[in-house]
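Summary of structural features
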Amino acid sequence: MILTDCTMKDFTDQLKRTKTFAVPFGTVEEHGEHLPLSTDTMVVQEVLKCVDKNVPLFLAPPLHYGICTSTSQHPGTIGIGFDSLRSLIKDIVISSHEKGLRNFLLISGHAGGSHMTAMKEAGEDLIRCLTDVKMAVLSVYDLILKEALDMVETKNDSHAGEIETSLMLYLREELVKGRSKEGYPEFPRPFLVRDKVGYWPGGVWGDPGKAAKEKGEKLFNLAVERVTKLVKDF
Ligand SMILES: [Zn+2]
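Moving on, we come to the overall build of the protein chain. A count of helices and strands for the protein chain gives eight helices and four strands. From first element to last, N terminus to C terminus, the protein chain shows the α and β order α-β-α-β-α-β-α-β-α-α-α-α. For the protein chain, the C-alpha radius of gyration of 18 Å lies close to 17 Å, the compact-globule estimate for 234 residues. Seen through its C-alpha atoms, the protein chain measures out along the principal axes to roughly 50 × 40 × 30 Å. Relative to its 234 residues, the protein chain shows a buried fraction of 50%. Looking at the protein chain alone, contacts between residues at least 24 apart form 77% of all its contacts between residues at least 6 apart. Only carbon and sulfur atoms are counted for the fraction: they give 54% of the accessible area of the protein chain, which is about 11,500 Å². On the protein chain, the mean spot of the 29 positive side-chain charges and the mean spot of the 33 negative ones are 4 Å from each other.

Turning our attention to the coordination of the zinc ion. Ideal values for angles at a metal depend on the geometry: 109.5 degrees with four tetrahedral donors, 90 or 180 degrees with six octahedral donors. Each protein donor to the zinc ion is listed here as H31 (NE2), D40 (OD), E164 (OE) and E164 (OE); together their distances run 1.9 to 2.8 Å. In primary-sequence terms, the residues that donate to the zinc ion follow H-x8-D-x123-E. Per residue, the accessibility class of H31 equals that of D40, and both read buried.

Below, the discussion takes up the environment of A160. Note that A160 resides in the loop between α5 (140-151) and α6 (162-172). By relative accessible area, A160 is classed as buried at 0%. Distance from A160 to S180, taken between C-alpha atoms, is 8.7 Å for residues 20 residues apart in sequence. Excluding anything up to four places from it in sequence, A160 contacts H31, G32, H34, L35, T165, G203, V204 and P208.

Reading the values: the criteria
- Residues numbered from 1 in each chain as written.
- Predicted model: local features only at pLDDT ≥ 70, side-chain atom pairs only at ≥ 80, totals over all residues.
- Heavy atoms only, no water.
- Helix = DSSP H or I, 4+ residues; strand = E, 2+ residues; numbered from the N terminus.
- Rg over C-alpha atoms; globule rule 2.2 N^0.38 Å.
- Buried < 20%, exposed > 50% of the residue type's maximum accessible area, 1.4 Å probe, protein only.
- Contact = heavy atoms within 4.5 Å.
- Areas by Shrake-Rupley, 256 points an atom, 1.4 Å probe, with all protein chains shown as cover.
- Lys, Arg positive; Asp, Glu negative; His and termini not counted.
- Charge placed at Lys NZ, Arg CZ, Asp CG, Glu CD.
- Donors = N, O, S within 2.8 Å, 3.2 Å for Na, K, Ca; no water.

Encoded structure:
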């Protein structure tokens, strides 16, 4: 059930069927020249909308902002900080816990390191304080990446490449504006750089040119199947 469509009575009735709260986390982040800034948000939200048809849950509105590091200076990326994300998660979970929800699926369409660490830290703090909750914190790609890399042709595909472009072709083809060139970041690890755009001008990690709607459909269905199973595991 989509939380924001519920009335007070719908909420109370649904709470008798489920105490699971699925919260999608996205970003406003560059995804090359060809994918929309909300790619991460749309992918995870669409996955959860399908999961919601398979198993009873409350589907929260997405958190559209996340932590973006390597893409932070690219045009269009609008990020939030580590503490902001952690605080928001705590506030949302504490408030929904007060309303009777107990199983929390915090799932992200963005798999960046700092972003996932902030989500996990918030989750760890929450399970210490709220002793009657179950909590799963993950990105969609934690569940499908191994198979996804077998399904696509680009080795090491990551950001705005074959996988994400295929998913968006399947979900929102009208928002895919051609294809960016194949590209990879060239950050001089372990050095941190100020000029992030200079080391990664295209903002693409992988080859969008190999993307196809059919691959997107398979990847999407796999994600729905895996997340459905996870909700049942609560
Ligand atoms: Zn993405």
